[in-house]
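A closer look at the structure
Read off the chains here:
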Amino acid sequence: MTDQLQVRPAQKDAKEALASVPSGFLADSWRAPAPGGVLTVEDPATGEAIATVADCTEEDALAALGAAATAGPAWALTSPRERADTLHRLVASMHAHRERLAWLLTLEVGKTLAEARGEVDYAADYVRWYAEEAVRPHGRSTVAPDGRSHILTVAEPVGPCLLITPWNVPLAMAARKVAPALAAGCSAILKPAELTPLSSLVFAELALAAGVPAGVLTVVTTSAPAGVCARLIADERLRKVSFTGSTPVGRILLQQAGQRVLRVSMELGGNAPFLVFDDADLELAVHEAMIAKMRMGGQSCVAANRFLVQDGIADRFTAALAERMTAIRVGPGWEDGVDLGPLVDARAVAKAARLVEDARERGATVVARAPVPDGPGWYFPPTVLDHVPADAAICSEEVFGPVAAISRFSTEDEALARANDTEHGLAAYVLTSDFDRARRVAGRLQSGMVGINRGLVSNVAAPFGGIKQSGLGREGGPEGLHEYQQFKYLSMPGFHAPAGGA
Ligand code: NAP
């Protein structure tokens, strides 16, 4: 009997997916950087080491930047159609490698296979969107108000970009940055999170095979992100940094980028309020609440962090949400019938536990707590808290876990005051059957995105991003491409054609 026949099918898929991961992708070839060490990647469902990848040094990162600077100009001169065709080939390849990518996401992040497949599709959709956007006309032509000059604006790629991504949706975040950068004609260095480098490495490998030239896209995996990124940002060859991650790290990067007046995009933390008014459709509100809370097990920047529920519907909403949360089956992401995988690591579990305990000590009640498997793995029980006071830490910190914190309100003004009482402004949700109220409340919510009777705001065609300390710039939609373009204005003599064109 061969080795492969002795393992269960799930293990076989995992082994095959892991065996296919390149150990490192540097300046011009797939190779582990010499003589650097290796990073060990662990499976959050078991705590076991599952793969090693290159642990890049600052010198490796500078080599990647050198390659990006060298290869960038030729890529910038390719036709929009050629870049679009390359991205379309990448989309096809992502679809062809859907299972392999999904397995890697399940193994490195812990999410269920169903959710991981959804992330692969979502990521491929971003690549497709920017393949389509690449050939749209960019720039405009107009005549100055006094008629004396003609104004032409031309979109140019900003140049080599550093793209830093978080661990919670590693493939989708890589695609949301790499695709517009490449479509605009930029070269890019992708810096994935230390916990989740595997899907990014395979994504880059597929991009290379789809025709992205060597050096135009590199991946720097490292256990020393602070030093590596600071070194790249200080280098004159880098023209832009795009970051998705926490607000504290975003502030550090903004300071560093400020020294070089570097172009930045910042997709930072959130603290999304989910407002349920008395007139909301209860069934819809609970359904959308589960999506807003439990997509990615609550480990999402747009996850509902605070449920603000009006007094007249609060008891029914809380009971229905508790029923749904306790019915969730928790286990390893690859197991059939599992709805929720583990959190990403021990720190994530400790943070969720601390926030639940703090809320309880301040008077909140635990109304639901689903069972979790015994044994290894970073599992946290889906939990519902009711009567959470405004001073509980969970109201100001992202829980990033399967905890629904419910507070009650009586008036619209009170709900809005509480919803806006945060330094963040990424996403917010309004559940109401009153269209006028929906528009009024959405208008007064201080956030970059508002879901109206919907718990899902992410869409490739929409400008995703926040206000206040949730970030700068937008990803997705046509806006996402502009983040990688600079507009040059050409001033020319005006055309003084006589009336009638004679
Ligand atoms: P994080 O700790 O800020 O890390 C994000 C990325 O930055 C990782 O690649 C990390 O590398 C790297 N990094 C850490 N310190 C750095 C430094 N000093 N200089 C340069 N890079 C550094 O965030 P996370 O815990 O991975 O992700 C969760 C956060 O991301 C949450 O706050 C969430 O809301 C936010 N997020 C926002 C969006 C959005 O679109 N607004 C989307 C997803 C997530 P290492 O992992 O190796 O430390």
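Only a predicted model underlies this, so the values are computations on that prediction, with no experimental measurement involved. (Residues numbered from 1 in each chain as written. Predicted model: local features only at pLDDT ≥ 70, side-chain atom pairs only at ≥ 80, totals over all residues. Heavy atoms only, no water.)

Now for helix α4 (residues 80–96). Given a rise of 1.5 Å per residue, 17 residues ought to cover 24 Å, and the 24 Å separating the end C-alpha atoms of α4 matches this to within 8%. Against the buried residues of α4 lie α3 (58–76), α5 (98–109), α6 (113–134), α7 (170–184) and α8 (198–209). (Helix = DSSP H or I, 4+ residues; strand = E, 2+ residues; numbered from the N terminus. Expected span 1.5 Å × (residues − 1). Contact = heavy atoms within 4.5 Å.)

The next subject is the sheet that holds strand β9 (residues 263–267). Remark on secondary structure: sheet strands pair via backbone hydrogen bonds, oriented parallel or antiparallel. Read across the sheet, 6 strands follow the order β7-β6-β5-β8-β9-β19 without closing on themselves; strand pairing throughout is mixed. Each edge of the open sheet is held by one strand with a lone partner, namely β7 (217–219) and β19 (471–472). Here strand β5 (residues 161–164) pairs with strand β6 (residues 188–191) via 4 bridges, running parallel. Across the sheet, the residue bridging to Ile164 is Lys191, located in β6. Packing of α7 onto the sheet brings it into contact with β5, β6, β7, β8 (240–244) and β9, and relative to β8 it is tilted by some 155°. (Pairing = 2+ DSSP bridges. Axes fitted to C-alpha atoms, helices over the stretch in contact; angles between N-to-C directions.)

Now for the confidence of the model for the protein chain. Averaged over all residues, the pLDDT of the protein chain is 93; the fraction at 70 or higher stands at 94%. Every residue in residues 1–7 scores below 50 in pLDDT, and together they form 5 contacts with partners more than four places removed in sequence or on other chains. (pLDDT = per-residue confidence, 0-100.)

A few words on the site of the ligand. In the region of the ligand, 28 residues are neighbours, and Thr165, Lys191, Ser246, Leu268 and Glu398 sit closest. Between the ligand and the protein, one listed contact pairs an oxygen atom with a backbone N or O atom of Glu194 at 3.0 Å. In isolation the ligand exposes 900 Å². Once the protein is present, 87% of that is buried. In this structure, the ligand is accommodated by the largest pocket. Listed by contribution, the elements that provide at least two residues to the shell around the ligand are α9 (225–234), β8 and α10 (247–259). With 3 residues, α9 is the largest single contributor of residues to the shell around the ligand. Each residue belonging to the shell around the ligand can be placed in one class, and the counts come to 16 nonpolar, 7 polar and 5 charged. (Near = heavy atom within 4 Å. Polar contact = N/O pair within 3.5 Å; in protein donor to acceptor, adjacent residues only side chain to side chain. Areas by Shrake-Rupley, 256 points an atom, 1.4 Å probe, with all protein chains shown as cover. 1 Å grid on protein atoms, 1.4 Å probe; cavity = no way out; pocket = protein on both sides within 12 Å on 5 of 7 lines; lining within 4 Å. Sits in = over half its atoms within 2 Å of the grid points. Nonpolar A, V, L, I, M, F, W, Y, C, P; charged D, E, K, R; others polar.)

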